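The primary structure of each chain is shown beneath.
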Amino acid sequence: MSVPIKYSHQREAIVDYLKSTKSHPTAETVYENIRLIIPNISLGTVYRNLNQLADCGRILRLSCDGKNVHYDGFTHPHCHFLCEVCGSVLDMDMDFPSELINKAKKSSENTIKDVSIVFSGVCEACK
């Protein structure tokens with residue numbers, strides 16, 4: 001569920017960048033790329049905007065390995081793959097088991113807001 005967020009040129013640049021890549025960048029990588037468009041933007045501004053965008057549902061925040069946070073501009077339900085060697089996060093080309101959320105909601109009194117499926121192993125590039 002997306003909550004409205006006030007328009008900002010900086011936020012829109014971040015969303016546009018994230019939607020243009022499938023690399024699931026970290027905040028530092030987002031910062032380096034956004035600086036090419038908005039040279040005076042600070043790393044703190046990028047972090048703040050990434051958090052606001054994730055909190056309102058416009059982007060995904062992925063904490064796959066417990067070390068790094070990655071961001072995804074595609075918010076539709078989909079699975080990810082984490083390479084245990086290089087740390088890259090990749091989209092999985094497979095159907096998302098949407099019935100999993102319904103089963104979980106029926107079997108638990110907890111309020112389930114989201115689900116994340118992350119497979120791990122070694123990516124093609126690291127093999």
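Please clarify how the nonpolar core should be interpreted in this entry.
In globular proteins that are soluble, nonpolar side chains generally tend to be buried together. Formed by 17 residues in total, the largest nonpolar core has its most connected members in I14, L18, V30, I34, V46, L50 and I59. Breaking this core down by element, the ones donating at least two residues are α1 (9-19), α2 (27-34) and α3 (43-55). Among the elements that make up this core, the one with the highest residue count is α1 (five residues). If sequence neighbours within four positions are ignored, I59 has contacts with V15, L18, L50, L53, A54, Y71, D72, G73 and T75.

Sorry, what's going on with the sheet that holds strand β3 (residues 80-83) here?
The strands making up a sheet are joined through hydrogen bonds of the backbone, oriented either antiparallel or parallel. If you trace the three strands from one edge of the open sheet to the other, you get β4-β3-β5, paired in mixed fashion. The sheet is open, and its two borders are formed by β4 (89-91) and β5 (118-121), each paired with just one other strand. Each neighbouring strand pair of the sheet contributes to a mean axis angle of 30°, computed without reference to strand direction. Note: β3 against β4, three bridges, orientation antiparallel. Opposite H80, over in β4, you have D91 as the bridge partner.

Is there a simple way to explain the packing of aromatic side chains in this structure?
Overall, the coordinates contain zero aromatic pairs when judged by the stated rule. Looking at K22, its charged tip hangs above the ring of F74, at a distance of 5.5 Å from the centre.

Looking at this model, I keep getting lost on the environment of I37. Mind explaining?
With respect to the element layout, I37 can be found in the loop between α2 and α3. In this structure I37 comes out as exposed when scored by relative accessible area, which is 53%. Distance from I37 to Q10, taken between C-alpha atoms, is 9.4 Å for residues 27 residues apart in sequence.

Explanation requested: α2 in the structure shown.
An α-helical turn contains 3.6 residues, so any two residues separated by three or four positions project in the same direction. Along α2, the residues classified as buried are A27, V30, Y31 and I34. Axial view of α2: buried residues confined to an arc of 100°, hence all on one face. Where α2 is buried, its residues contact α1, α3 and β2 (70-72).

Whenever I open this one, the packing of α2 against α3 confuses me. Can you help?
Each pair of packed helices can be summarised by the angle the axes make with each other and by the distance between the axes. At their nearest, the axes of α2 and α3 sit 9 Å apart, and the two run at 115° to each other. Note that α2 runs across α3; the crossing there is right-handed. Counting all contacts with α2, which are made through A27, E28, V30 and Y31, the residues of α3 involved are L43, V46, Y47 and L50. Of the residues that constitute the contact of α2 with α3, the class distribution is seven nonpolar, no polar and one charged.

Just checking my understanding: could you explain unusual backbone geometry for this structure?
What you tend to see is this: most non-glycine residues have negative phi, and most peptide bonds are trans. One non-glycine residue, H24, lies in positive phi territory at about 50°. Among the secondary structure elements, H24 is positioned in the loop between α1 and α2. H24 sits in the buried class, given a relative accessible area of 2%.

How do you make sense of α1 when you look at a structure like this?
Regarding α1, the residues found buried are R11, A13, I14, V15, Y17 and L18. Looking at the buried side of α1, the elements it contacts are α2, α3 and β2. Between a side-chain oxygen at the N-terminus of α1 and the backbone nitrogen of Q10 the separation is 3.2 Å; the capping residue is S8.

Rules used in this analysis
Residues numbered from 1 in each chain as written. Predicted model: local features only at pLDDT ≥ 70, side-chain atom pairs only at ≥ 80, totals over all residues. Heavy atoms only, no water. Core = buried A, V, L, I, M, F, W, Y, C linked by side-chain atoms within 4.5 Å. Buried < 20%, exposed > 50% of the residue type's maximum accessible area, 1.4 Å probe, protein only. Helix = DSSP H or I, 4+ residues; strand = E, 2+ residues; numbered from the N terminus. Contact = heavy atoms within 4.5 Å. Pairing = 2+ DSSP bridges. Axes fitted to C-alpha atoms, helices over the stretch in contact; angles between N-to-C directions. Phe/Tyr/Trp six-rings, centres within 6.5 Å; stacked < 30°, edge-to-face > 60°. Lys NZ or Arg CZ within 6 Å of the ring centre and 35° of its normal. Arc of directions from axis to C-beta. Left-handed = near helix turned anticlockwise from the far one by under 90°. Nonpolar A, V, L, I, M, F, W, Y, C, P; charged D, E, K, R; others polar. Polar contact = N/O pair within 3.5 Å; in protein donor to acceptor, adjacent residues only side chain to side chain.

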